[in-house]
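Single-letter residue listing:
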Amino acid sequence: MTRLFFKIAGLLLITNLLVMLTGYLIVKWLENERVLISPQQAPQILAERVVDAYETGSLEGLAKNLGKHGTFIAVMDENRNVLFTVPQLRRMLENRFQGRFFPRDAQHPNRQSNNNRGNRRGPRRGGVQFTQSVPSSNGELLSVVVRSRHNFRNLIPQPAWRERAKIIGIILGMLLASMVLSYFVVKPVRSLRKTTQSLGQHDLSARVEPAVADRNDAIGELGRDFNRMAQRLDDSYKSQHQLLRDVSHELRSPLARIQVASLLAEQKTGESSELKRIDQETLRLDGLIETILRLTRLNDMPNLTLESLDLSPLIDAIVRDAHYEYQNTQKNIEVSLNSPPLINADFENLSSALENILRNAMYYTEDSSTVTITAQTKKEVLELCIKDAGPGVPEADLARLFEPFFRSDTSRNEKTGSNGVGLAITRRIIELHKGKVWATNSPNGGLAVIVQLPIEKRLH
Amino acid sequence: MTQPHILLADDDTVLAELLTEYLQSQGFKITLVHNGEDALAASKSPKDMIILDIMMPKMDGLQVLKTVRQTDNETPVIMLTARGDDIDRILGLELGADDYMPKPCNPRELLARVNAILRRANISEQKPAAKNDRIEIGDLVMNKHNRQVQLLDHALVLTQTEFDILQMLLESPDELISKQHISEEILGRKLGAYDRSIDVHISNLRRKLSLTETLNIQTVRGSGYLLNVTRD
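The shown structure was predicted, so the numbers you read here are calculated from the model rather than taken from an experiment.

1. Side note on the sheet that holds strand β2 (residues 29-33) of chain B
Residue and element names in this part refer to chain B.
Then, number 1: Read from one edge of the open sheet, 5 strands run β2-β1-β3-β4-β5, paired in parallel fashion. The sheet is open, and its two borders are formed by β2 and β5 (99-103), each paired with just one other strand. Taken pair by pair, the neighbouring strands of this sheet meet at an average axis angle of 20°, ignoring direction.
Then, number 2: Summarising the sheet, strand β4 (residues 77-82) and β5 pair through 5 bridges and their orientation is parallel. Counterpart to Thr81 in the pairing with β5 is Pro102.

2. Section: the pairing of strand β8 (residues 148-151) of chain B
Residue and element names in this part refer to chain B.
Then, number 1: Strand direction decides the pairing type here: strand β7 (residues 140-143) and β8, joined by 4 bridges, are antiparallel. Opposite Asn143, over in β8, you have Gln148 as the bridge partner.
Then, number 2: Hairpin geometry of β7 and β8 is characterised by an intervening segment of 4 residues between the two adjacent antiparallel strands and by a positive phi of about 55° at Arg147.
Then, number 3: The pairing of β8 with strand β9 (residues 154-156) spans 3 bridges and is antiparallel. Each bridged residue has a counterpart across the sheet, and for Gln150 the counterpart in β9 is Ala155.
Then, number 4: Hairpin geometry of β8 and β9 is characterised by an intervening segment of 2 residues between the two adjacent antiparallel strands and by a positive phi of about 50° at Leu152.

3. Quick notes on helix α11 (residues 347-364) of chain A
Residue and element names in this part refer to chain A.
Then, number 1: When the terminal C-alpha atoms of α11 are compared, their 26 Å separation across 18 residues agrees well with the 26 Å that a helix rising 1.5 Å per residue should span.
Then, number 2: Of the residues making up α11, those classed as buried are Asn349, Leu350, Ala353, Leu354, Glu355, Asn356, Ile357, Leu358, Arg359, Asn360, Ala361 and Met362.
Then, number 3: On its buried face, α11 is in contact with α10 (311-325), β8 (343-345), β9 (370-378), β10 (381-387), α14 (422-432) and β12 (447-454).

4. As for the interface of chain B and chain A
Then, number 1: Taken together, the 19 residues of chain B in the interface contact 20 residues of chain A.
Then, number 2: Listing elements by their share of the side of chain B that touches chain A, those giving two or more residues are α1 (13-25) and α5 (107-126) of chain B.
Then, number 3: Looking at the side of chain B that touches chain A residue by residue, the classes come out as 10 nonpolar, 4 polar and 5 charged.

5. Topic: the sheet that holds strand β7 (residues 332-336) of chain A
Residues and elements named next belong to chain A.
Then, number 1: Taken together, the 5 strands give an open sheet; going across it, the order is β7-β9-β10-β12-β11, and neighbouring strands pair in mixed fashion. The open sheet has two edge strands, β7 and β11 (436-441), and neither has a second partner. With strand direction ignored, the average angle separating the axes of adjacent strands in the sheet is 15°.
Then, number 2: In the sheet, β10 pairs with β12 via 7 bridges, with the strands oriented antiparallel. In the strand pairing of β12, Ile386 is matched with Val449.
Then, number 3: In the packing of α10 onto the sheet, contacts are made with β7, β9 and β10, and the angle to β7 comes to roughly 175°.

Reading guide: rules and limits
- Residues numbered from 1 in each chain as written.
- Chains lettered and ligands numbered in written order.
- Predicted model: local features only at pLDDT ≥ 70, side-chain atom pairs only at ≥ 80, totals over all residues.
- Pairing = 2+ DSSP bridges.
- Helix = DSSP H or I, 4+ residues; strand = E, 2+ residues; numbered from the N terminus.
- Axes fitted to C-alpha atoms, helices over the stretch in contact; angles between N-to-C directions.
- Expected span 1.5 Å × (residues − 1).
- Buried ≥ 20, exposed ≤ 12 C-beta atoms within 10 Å, placed from the backbone.
- Contact = placed C-beta atoms within 7 Å.
- Nonpolar A, V, L, I, M, F, W, Y, C, P; charged D, E, K, R; others polar.

Here is the structure:
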């Protein structure tokens, strides 16, 4: 436990540090690249840009842009000659700096200044005003006078995407960190879960993969414990299975002798109802042993050879047999398959699986009622539903219906002559087809057995 | 007809004795052995039929069958197989057994199978030779009377059951014959759901007919077989 605790704690620590570090590094980098500008750098950078623009002659444009944004600039040389100014600063330059204007600049800004006088607003709160000296390319020290209604942080307008870059960078860092976390913590848990599910679905060979079971922490321990449990389950299932098979084998020899002995007795003493009874019972036992052995054989089979199959003729054949068997009764069968898609199946085994269900339904359905067989396609499975109009099965017994020798109502045992293994065989066969079978009580009475079989995957 | 002589080999002595008693009461002469070696030794003298248990000490039934079939293809053989053991069953049929009987066997059923096979063997023996005993199709000539088959002038060695099935196919070429029909006619029994007997006999026949391209046994899935004859 402690190991896993420290592992997770350590991981969290590392990932948090990672997030902080990436965030910090990204901001640093952006500042270095002058994409993001810190408040301390702002005056210097703004001044440098202004001088640059002055030297390249693009100052008019820059001043106009900055003006829109609420930042006004002027440039003076060392001798307080005003080299450039926006009209908004003109008065201030005249008053505070006693700036001298070149004649060529004089007229134009004047007029502008007059125009703007009416629009002047009062002093703004939160604004800044400063002078920053920057050396120009020829070594002269130029002073840039700035008045802005923004503080230093927002002095230079920054495009929106640059603002976002900071946030995106941090989110990316976090994403990376969470993925690292998930990978190390969630992955083994998911693998464990998958194995648990397989075991739950009757795959007794399911084991936790070595990558998880060999870990040195609590998850690894859990994996190993699970594997031991699965092994025990598997063993006990196998020995139960083995016992059933061996007992059945052993029963056959004495049974064979009884059969012949009773026949010889009949020849000597003539027919009698007792001998008939012995014959019947040995036949029943014989049939029972045969079905048990068939079930154990199916259980031993890892898989069946499946081939592409149309379900319709198969259903037709078993329905024909059932009709024949019940021809002297009022019990009916109604089939509506609507040309089902092809499935992968073993004809004989699937026939007998479905036959067991149908036979069961025919037996329990009321006189002059109808057993219905319907099919519908659901995504990648073909769903067959065989529904009778019988008494149904208590809800609590539904799940156990497919267990060998399970009987919901023991009194029905003798009458049916069936041996309680049929539906177990059905389940195993459907499993071998990678399908599912279960039973429900239908809302309007009667039992519905539902079989799902995977539809054949076509190449196109 | 004289009393048919059957060799019965089964290591379950109690069962074998009971079966012997039963078959004797039905008019058969029985030689009873309890292991494979004795069975092989006893098969040297001519028998009308051999009933072989597969699980036997010293030499198992399949081995006995294999050895017997090296020299003798005619004596019908019924294998007693563990119920549901498909592999043994199919192996037995592939090695040339005529039929099998799952153990524990219903003695009446065993009797029925024995009778079915012996009856077919006798039909041809008892009839005098006749003109229409000869069937000639493609590269194949069958003489129903002496039960000889020639394929491209080679004698074709067939077991009794294979001969009977081939005869059925030859008598109605290009016609679908259901497995069930073959089973009832030749083996004297209904074919169960998982019974591959006829398929194995047919595959043996196909193998033996592979010398010629004029005769081709086609499988019609789920229904049966038909003999496809290519005529020049």
